[in-house]
Amino acid sequence: MNQVGIGYDVHQFKEGRPLFLGGVEIPHSRGLDGHSDADALIHAVCDAVFGAIGEPDIGHFFPNDDPEWKDKPSRVFLERAALEVVRKKGKIINIDSTVIAEEPKISAYIQKMREAMAHALAMNPSKITVKATTNERMGFVGRGEGIAAMAVASVELPE
């Protein structure tokens, strides 16, 4: 049986933090604000995977008020999502994701993001897509106040 889940995440920029997207540190003047490393792309992918297997969102597994997850790399969350799929005897078929940001431009980092996420999920990078778009200068993302990401995951589960 094939199931699909969607994920969405958003974080505002914050001075003095590194910027992580898809498990890759990207040179930029500001990072994203959050309890963990605030990797909006990985958080969206986690929610998509959790949704596809019928589990609650990322906050259920990694509450943002739990000091254990403070400043943790989001790769840990993605590895847990993959473990939950295995526990249900499932297999991630593919992940399609989009980063929405006015800045920075991420096209040079997309392959590294695919590889980093594939490594955490123990799957082939060819089964993960990362696309980038802007918000056409509209809303908080368009004003350069933060980054949003969305993802869809397809998971095969036993009947």
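Check the entry above for the structure.
The rules behind each value
- Residues numbered from 1 in each chain as written.
- Predicted model: local features only at pLDDT ≥ 70, side-chain atom pairs only at ≥ 80, totals over all residues.
- Heavy atoms only, no water.
- Helix = DSSP H or I, 4+ residues; strand = E, 2+ residues; numbered from the N terminus.
- Expected span 1.5 Å × (residues − 1).
- Buried < 20%, exposed > 50% of the residue type's maximum accessible area, 1.4 Å probe, protein only.
- Arc of directions from axis to C-beta.
- Pairing = 2+ DSSP bridges.
- Axes fitted to C-alpha atoms, helices over the stretch in contact; angles between N-to-C directions.
- Contact = heavy atoms within 4.5 Å.

Novice: Explain helix 4 (residues 110-121) residue by residue, including any values.
Specialist: With 12 residues, helix 4 should cover 16 Å at 1.5 Å per step; its first-to-last C-alpha distance of 16 Å lies within 8% of that length. Where helix 4 is concerned, the buried positions are Ile110, Met113, Arg114, Met117, Ala118, Ala120 and Leu121. Buried residues in helix 4, looked at end-on, bunch into an arc of 160°, giving them a common side. Projecting away from the buried face of helix 4 at angles above 90 degrees are the exposed residues Lys112 and His119.

Novice: With reference to specific residues and values, describe the sheet that holds strand 5 (residues 91-100).
Specialist: Strands in a sheet are paired, the pairing made by backbone hydrogen bonds, and the direction either parallel or antiparallel. In space, the five strands of this open sheet follow the order 4-1-7-5-6, with mixed pairing throughout. Either end of the sheet is taken by a strand with one partner, and the two such strands are strand 4 (30-32) and strand 6 (128-133). The mean angle between the axes of side-by-side strands here comes to 20°, regardless of whether they run parallel or antiparallel. Across the sheet, helix 1 (residues 40-52) touches strand 1 (2-15), strand 4, strand 5, strand 6 and strand 7 (146-156), and the angle it forms with strand 1 is around 155°. Where helix 4 meets the sheet, it contacts strand 5 and strand 6, and its direction lies at approximately 140° from that of strand 6.

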